[in-house]
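The chain contents come next:
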Amino acid sequence: KQWYQRRVRGLANFLSLHRAKRCKVLGITTVCGNITTESSYQSASILVKEVLKVTDVPVFRSSCSEFNDAHASFFYGNDGHCGTLKTQSTRHFTPPVISSEQFLIQQLTEKRNVTIIAIGPLTNLHRAETMCPGVLSRCREIIIMGGAIYEPGNCPKTDMVSEYNFGMDGEAARCVVNSGAKLTLFPLDVTTTIRFDIATLLNRSSRTKQKEFYKDCIEGTFKAMVYHGESELEDRRLTIHDVHCYVYYMNPTLYTVREMYLGVEDTGRVVDIKEEDHPNKTPAKVAFSGVNVAQITEMVLKMFE
């Protein structure tokens, strides 16, 4: 069973597993990250209900992340997909009565064996832990795409001191890291080391019903990377940070991980600390490299089929 903390571009991965009954996606929560709180909810709803035609997975809106709306970078455009979602639907969705954080508390209170896949800022998790202390420790595991330990950061809000998701809400990141929950962290130290050939991605996605959507999204993402200096125009490969959480969830043996006691500074910068300095004396697993890059790449390519 899995609850999914949304970053829209990585969403299709788990929904494909849900359809194949290889996991049960309990719900998708949205949060302000690269786009605003409301845009995040609308984009996720369009992707799930209109593009992917998934009708049995609810989408929830954050009630606590609007304070960050002014800091959204719009790295991938106003819809988080380089404008591609505008061509898919103009429908406006009304959010459920309960919020993202309320849904999280409800599910973790009622169910066991729940994994959280957190690939956006950790604002919702922070609020849930604040409202219901100890609730995050009920998770089977929280797999987080976020943080930078030895690598430079990429968050404009903190003048590039920290990774984007942690930098957008450093207080939330510290709360989750100190919660005592079982954490596996995918920092920039690993997510930037494997890149995916665009021509191959386009070829694989051309076999799907959503081929035009994938094509526009892949090309748009590459243009954004070039514009922001994350790639050279001649190097047609994508860095897709989100997908490593998906691959790890399916096959954790494909990554080298080590246990570390982590601290989080006010800026969201992650630091390696001593056991005696950690509030809960609970180490996190931190991924640093892919054991089998070819196998990781093939798993990612299959997502586009």
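Residues numbered from 1 in each chain as written. Predicted model: local features only at pLDDT ≥ 70, side-chain atom pairs only at ≥ 80, totals over all residues. Heavy atoms only, no water.

S.K.: So, the packing of helix α8 (residues 198-205) against helix α9 (residues 211-227): which residues are in play, and what are the values?
M.R.: Between α8 and α9, whose axes approach to 9 Å, the crossing angle comes to 165°. The orientation of α8 with respect to α9, classified from their angle, is roughly antiparallel. Where α8 crosses over α9, the handedness of that crossing is right-handed. Where α8 abuts α9, its residues Ile-198, Leu-201, Leu-202 and Ser-205 lie against Lys-211, Tyr-214, Lys-215, Ile-218, Glu-219 and Phe-222. Class assignment for the residues of the contact of α8 with α9 results in 6 nonpolar, 1 polar and 3 charged. (Axes fitted to C-alpha atoms, helices over the stretch in contact; angles between N-to-C directions. Helix = DSSP H or I, 4+ residues; strand = E, 2+ residues; numbered from the N terminus. Parallel < 35°, antiparallel > 145°, perpendicular 65-115°, else oblique. Left-handed = near helix turned anticlockwise from the far one by under 90°. Contact = heavy atoms within 4.5 Å. Nonpolar A, V, L, I, M, F, W, Y, C, P; charged D, E, K, R; others polar.)

S.K.: Explain the pairing of strand β4 (residues 115-118) to me, using residue names and the numbers behind them.
M.R.: Side-chain alternation along β4 places Thr-115 and Ile-117 on one buried face and Ile-116 and Ala-118 on a second face that is also buried. In this structure, β4 lies alongside strand β5 (residues 141-145), joined through 4 bridges in parallel fashion. The residue bridging Ile-116 from the neighbouring strand is Ile-142, located in β5. (Buried < 20%, exposed > 50% of the residue type's maximum accessible area, 1.4 Å probe, protein only. Pairing = 2+ DSSP bridges.)

S.K.: Talk me through α8; I want residue IDs and the actual numbers.
M.R.: Every buried residue of α8 is listed here: Ile-198, Leu-201, Arg-204 and Ser-205. Buried positions in α8, seen along its axis, are confined to an arc of 125° and lie on one side of it. In this fold, the buried residues of α8 make contact with β7 (196-197), α9, β8 (237-238) and α11 (293-302). (Arc of directions from axis to C-beta.)

S.K.: An account of the packing of aromatic side chains is requested, with residue identities and associated values reported.
M.R.: On inspection of all chains with the given rule, the structure shows 7 aromatic pairs. When the ring of Tyr-150 is compared with that of Phe-288, the centres are 6.0 Å apart and the planes differ by 25°; the resulting orientation is stacked. Here Phe-288 lies in strand β12 (residues 284-290) and Tyr-150 lies in the loop between β5 and α5 (164-168), a separation of 138 residues in the sequence. Judged by centre distance (5.3 Å) and plane angle (65°), the ring pair of Phe-186 and Tyr-248 falls under edge-to-face. Pair noted here: Phe-186 is in strand β6 (residues 183-186) and Tyr-248 is in helix α10 (residues 243-250), with a separation of 62 residues, a long-range link. We classify Phe-186 as buried; its relative accessible area is 1%. Across the ring face of Phe-222, the terminal group of Arg-236 is positioned such that the distance to the ring centre comes to 5.2 Å. In this structure, Arg-258 is placed above the aromatic ring of Phe-288, and the distance from its NZ or CZ to the ring centre is 4.2 Å. (Phe/Tyr/Trp six-rings, centres within 6.5 Å; stacked < 30°, edge-to-face > 60°. Lys NZ or Arg CZ within 6 Å of the ring centre and 35° of its normal.)

S.K.: So what's going on with the pairing of β6? Residues and values would help.
M.R.: Of the two faces of β6, the one lined by Leu-183 and Leu-185 and the one lined by Thr-184 and Phe-186 are each fully buried. One ladder, built from 4 bridges, connects β5 with β6; its direction is parallel. The partner of Ile-143 across the bridge, within β6, is Thr-184. Inspection of the sheet shows β6 paired to β12 by 2 bridges, in the parallel sense.

S.K.: A description of the nonpolar core should follow, citing residues and the corresponding values.
M.R.: Membership of the largest hydrophobic core comes to 49 residues, with the highest contact counts inside it found for Phe-186, Leu-201, Leu-238, Val-247, Tyr-255 and Phe-304. For this core, the secondary-structure elements that each account for two or more residues are α1 (11-19), β2 (25-29), α2 (37-51), β5, α8, α9, α10 and α11. It is α2 that contributes the most residues to this core, 6 residues altogether. Residues Phe-103, Ile-116, Ile-142 and Ala-181 belong to the second largest nonpolar core, which totals 33 residues. (Core = buried A, V, L, I, M, F, W, Y, C linked by side-chain atoms within 4.5 Å.)

S.K.: Before we move on, could you go through α10 and cite the residues and values that matter?
M.R.: Burial analysis of α10 places 6 of its 8 residues in the buried class, which makes it a mostly covered element. Those residues of α10 that fall on the buried side of the exposure criterion are Val-243, His-244, Cys-245, Tyr-246, Val-247 and Tyr-248.

S.K.: Report on the pattern of salt bridges, specifying residues and quantitative values.
M.R.: Applying the stated criterion across every chain yields a total of 10 salt bridges. Glu-38 is the salt-bridge partner of Arg-61, the closest N and O atoms lying 2.7 Å from each other. Highlighted residues: Arg-61 in the loop between β3 (59-60) and α3 (100-110) and Glu-38 in helix α2, separated in sequence by 23 residues. Note that Asp-235 is salt-bridged to Arg-195, the shortest N-O span being 2.8 Å. Of this pair, Asp-235 sits in the loop between α9 and β8 while Arg-195 is found in the loop between α7 (188-191) and β7, placing the two residues 40 residues apart along the sequence. Classification of Asp-235 as partly exposed rests on a relative accessible area of 22%. Look at the salt bridges and you will find they share partners, linking Glu-38, Arg-61 and Glu-66 into a network. (Salt bridge = Lys/Arg side-chain N within 4 Å of Asp/Glu carboxyl O.)

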